[in-house]
Amino acid sequence: MTLSKEFRDEMKASMIAEKARLESELGRFADKTAVPGEYETRFEEIGTDRDDNATEVEQYADNIALEENLEGQLGDVTEALVRIENDTYGVCITCGADMEEGRLRAFPAAKECMSCLKK
Ligand SMILES: [Zn+2]
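Small disclaimer: the values here were computed from a predicted structure and weren't measured.

Colleague: Please provide a residue-by-residue account of the coordination of the zinc ion, values included.
Modeller: Looking at the metal site, the zinc ion is ligated by C92 (SG), C95 (SG), C113 (SG) and C116 (SG), spaced 2.3 Å from it. With 4 donor atoms in place around the zinc ion and angles of 107 to 115° between them, the coordination shape is tetrahedral. Going along the chain, you hit the donors of the zinc ion in the pattern C-x2-C-x17-C-x2-C. Separated by 24 residues along the polypeptide, C92 in the loop between α2 (50–85) and α3 (101–106) and C116 in helix α4 (residues 114–117) bring together distant segments of the chain. Just as C92 is buried, C116 falls in that class too.

Listed below in structure tokens is the structure:
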């Protein structure tokens, strides 16, 4: 492990902030479930006429797609925070190479190095 403690602390702080941001974003339209990190999109009632119903369904479909995207990001950040605690942070999960600071700074929750990502 070649990353300094300072660098890991910095990434940890930025990921904790990112995790809070993702959770609050998800909380706007989805509820937490019993499974940690899993959310369920709420179906918002806008009105009862046909146009309202169509809008509700459309909105719901958009929110489910957004929920999956945010949930995926939240999962990556949560796993990366675990790797910080386990002292395996910054190591590519595929090839085991140390990742560069630049890669991690651009994307702190990165789990693969650039060459594995391109495969
Ligand atoms: Zn790799």
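Now that the structure has been shown, the text picks up again.
Colleague: Give me the packing of aromatic side chains: which residues, what numbers.
Modeller: In the structure shown here, the tally under the stated rule is 1 aromatic pair. Between F43 and Y60, the aromatic rings sit 5.1 Å apart at their centres with planes inclined by 65°, giving edge-to-face as the arrangement. Here the residue F43 occupies a position in the loop between β2 (39–41) and α2, and Y60 occupies one in helix α2, the gap between them amounting to 17 residues. Here Y60 falls in the partly exposed class, since its relative accessible area comes to 29%.

Rules and cut-offs
Residues numbered from 1 in each chain as written. Predicted model: local features only at pLDDT ≥ 70, side-chain atom pairs only at ≥ 80, totals over all residues. Heavy atoms only, no water. Donors = N, O, S within 2.8 Å, 3.2 Å for Na, K, Ca; no water. Tetrahedral: all angles 85-135°; square planar, octahedral: opposite > 155°, others 65-115°. Helix = DSSP H or I, 4+ residues; strand = E, 2+ residues; numbered from the N terminus. Buried < 20%, exposed > 50% of the residue type's maximum accessible area, 1.4 Å probe, protein only. Phe/Tyr/Trp six-rings, centres within 6.5 Å; stacked < 30°, edge-to-face > 60°.

Taken by themselves, the reported measurements are silent on function.
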